[in-house]
Amino acid sequence: MNSDLDFYNSLELSLKYTEDLLMDAVTNSKSIFHSPTLCISDSPRTVVLREFNKEKRFLRFHTDLRSNKISSVNNNVVAYVHAYDPEIKVQLRIKGKVNLHKKDERTLQAWESSRDMSKLCYSVKGSPGQVISDPTEYDLVKSEIDVEQGYENFGLIIFEYDEIEFLFLKNIGHRRSKFSWINNNVAMEWLIP
Ligand SMILES: Cc1cc2nc3c(=O)[nH]c(=O)nc-3n(C[C@H](O)[C@H](O)[C@H](O)COP(=O)(O)O)c2cc1C
């Protein structure tokens, strides 16, 4: 077996591989897992992975507080994060709970470490999803905008997970495994793919 596939028959290494994929995805914009689908009850949407903390088991995403999803992100509502990378043939389905942060210490820290280009999106003069007649009126020109004003509209979605399902496709035999946490204890199981 190729050493790249050490995880193939090991639950422990499958979990480690998953965590390594997520860690890499935070800074690697070419990774499929950098822009996974966040599925909240009302709708799925693509979001950029900004932080992964495997010890505290959370993913962090940034969003506009005026967007439709905000009404669904509260009080530990159940959500999923999903992505499939066809090159490495790995699907991750992560189950957790989402919470919204605005104008707190964590939000400020994330804002201050964002680049101006990322901050700029939060200065659009209207809510994402609003019906408009002329899209050109909503184009943003950095030189004409004080990007710091966008902080008013900037929020964090913290996705705390307690279950990961890992699926790896291979012609000689697929591998599917499930990792579930109760408190800090992880249970690892193989599933029929
Ligand atoms: C590659 C890509 C990355 C995106 N990243 C984010 C993101 O990090 N946060 C976000 O709120 N929306 C992001 N979006 C836009 C969302 O998918 C969605 O269209 C938007 O948040 C409006 O959702 P809503 O009106 O249903 O709340 C991204 C879209 C794409 C295609």
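Residues numbered from 1 in each chain as written. Predicted model: local features only at pLDDT ≥ 70, side-chain atom pairs only at ≥ 80, totals over all residues. Heavy atoms only, no water.

*Asks:* Lay out unusual backbone geometry with the relevant residues and their values.
*Replies:* At R57, a residue that is not glycine, the phi angle is positive and equals roughly 55 degrees. Among the residues examined, R57 registers a relative accessible area of 12% and is labelled buried. Of note in the backbone geometry, K103 takes a positive phi value of approximately 45 degrees without being a glycine. (Buried < 20%, exposed > 50% of the residue type's maximum accessible area, 1.4 Å probe, protein only.)

*Asks:* Hey, could you go over the side chain of N53 for me, with residue numbers and the actual values?
*Replies:* Tracing the chain through its elements places N53 in strand 3 (residues 51–53). The contacts of N53, once residues within four sequence positions are left out, are F58 and Y161. (Helix = DSSP H or I, 4+ residues; strand = E, 2+ residues; numbered from the N terminus. Contact = heavy atoms within 4.5 Å.)

*Asks:* Let's hear about the pairing of strand 6 (residues 90–102): which residues, and what values?
*Replies:* Two faces, one strand: in a regular strand the side chains alternate between the faces of the sheet. The sheet contact formed by strand 5 (residues 77–85) and strand 6 spans nine bridges and is antiparallel. When the bridges of strand 6 are listed, V78 appears paired with K97. Between the end of strand 5 and the start of strand 6, which pair antiparallel, lie four residues, with K89 showing a positive phi angle near 60 degrees. For strand 6 and strand 7 (residues 154–168), the ladder comprises 13 bridges, and the chain directions are antiparallel. Within strand 7, the position partnered with L92 by the bridge is F166. (Pairing = 2+ DSSP bridges.)

*Asks:* Run through the pattern of salt bridges, naming residues and quoting values.
*Replies:* Opposite charge on two side chains lets them pair, provided their charged atoms get close. Taken as a whole, this structure holds seven salt bridges when the rule is applied. The partner of D64 in a salt bridge is R66, and the shortest N-O contact between them spans 2.8 Å. Residue class for D64 comes out buried when judged on its relative accessible area of 10%. Overall, the relative accessible area of 24% leaves R66 in the partly exposed class. We note a salt bridge from E165 to R93, for which the minimum N-O separation is 3.2 Å. With a gap of 72 residues between them, E165 in strand 7 and R93 in strand 6 connect regions that are remote in the sequence. Since its relative accessible area comes to 12%, E165 is described here as buried. Given the relative accessible area of 35%, R93 is considered partly exposed. (Salt bridge = Lys/Arg side-chain N within 4 Å of Asp/Glu carboxyl O.)

*Asks:* Can you lay out the site of the ligand for me, pointing to particular residues and giving the numbers?
*Replies:* Around the ligand lies a shell formed by R45, T46, V47, V48, H62, T63, S67, N68 and K69. In the environment of the ligand, an oxygen atom lies 2.9 Å from a nitrogen or oxygen atom belonging to the backbone of V48. For the ligand, an oxygen atom lies 3.3 Å from a polar atom in the backbone of N68. Here the ligand has 620 Å² of accessible area as a free molecule, and 60% of this is covered by the chains. Put simply, the parts of the chain that give the shell around the ligand at least two residues each are strand 2 (43–46) and strand 4 (58–64). Among the residues forming the shell around the ligand, the class breakdown is two nonpolar, five polar and two charged. (Near = heavy atom within 4 Å. Polar contact = N/O pair within 3.5 Å; in protein donor to acceptor, adjacent residues only side chain to side chain. Areas by Shrake-Rupley, 256 points an atom, 1.4 Å probe, with all protein chains shown as cover. Nonpolar A, V, L, I, M, F, W, Y, C, P; charged D, E, K, R; others polar.)

*Asks:* Just give me the short version of helix 1 (residues 11–27), but keep the residues and values in it.
*Replies:* The terminal C-alpha atoms of helix 1, which comprises 17 residues, lie 26 Å apart, in line with the 24 Å expected from a rise of 1.5 Å per residue. Taken together, the buried positions of helix 1 are L11, S14, L15, T18, E19, L21, L22, A25 and V26. Looking straight down helix 1, one finds that the buried residues subtend no more than 155 degrees of arc, so they occupy a single side. In helix 1, the exposed residues that point more than 90 degrees away from the buried face are E12 and T27. Each element contacted by the buried residues of helix 1 is listed here: strand 3, strand 6, strand 7, strand 8 (175–182) and strand 9 (185–191). (Expected span 1.5 Å × (residues − 1). Arc of directions from axis to C-beta.)

*Asks:* Account for helix 2 (residues 105–112), with residues named and values stated.
*Replies:* Taken residue by residue, helix 2 has T107, A110 and W111 as its buried positions. Down the axis of helix 2, the sector holding all buried residues measures 100 degrees, keeping them to one side. Away from its buried face, by an angle of more than 90 degrees, helix 2 presents the exposed residues E105, Q109 and E112. Elements that come into contact with the buried residues of helix 2 comprise strand 4, strand 6, helix 3 (116–120) and strand 7. At the N-terminal end of helix 2, a side-chain oxygen is found 3.3 Å from the backbone nitrogen of R106, two or three residues along, and the residue is D104.

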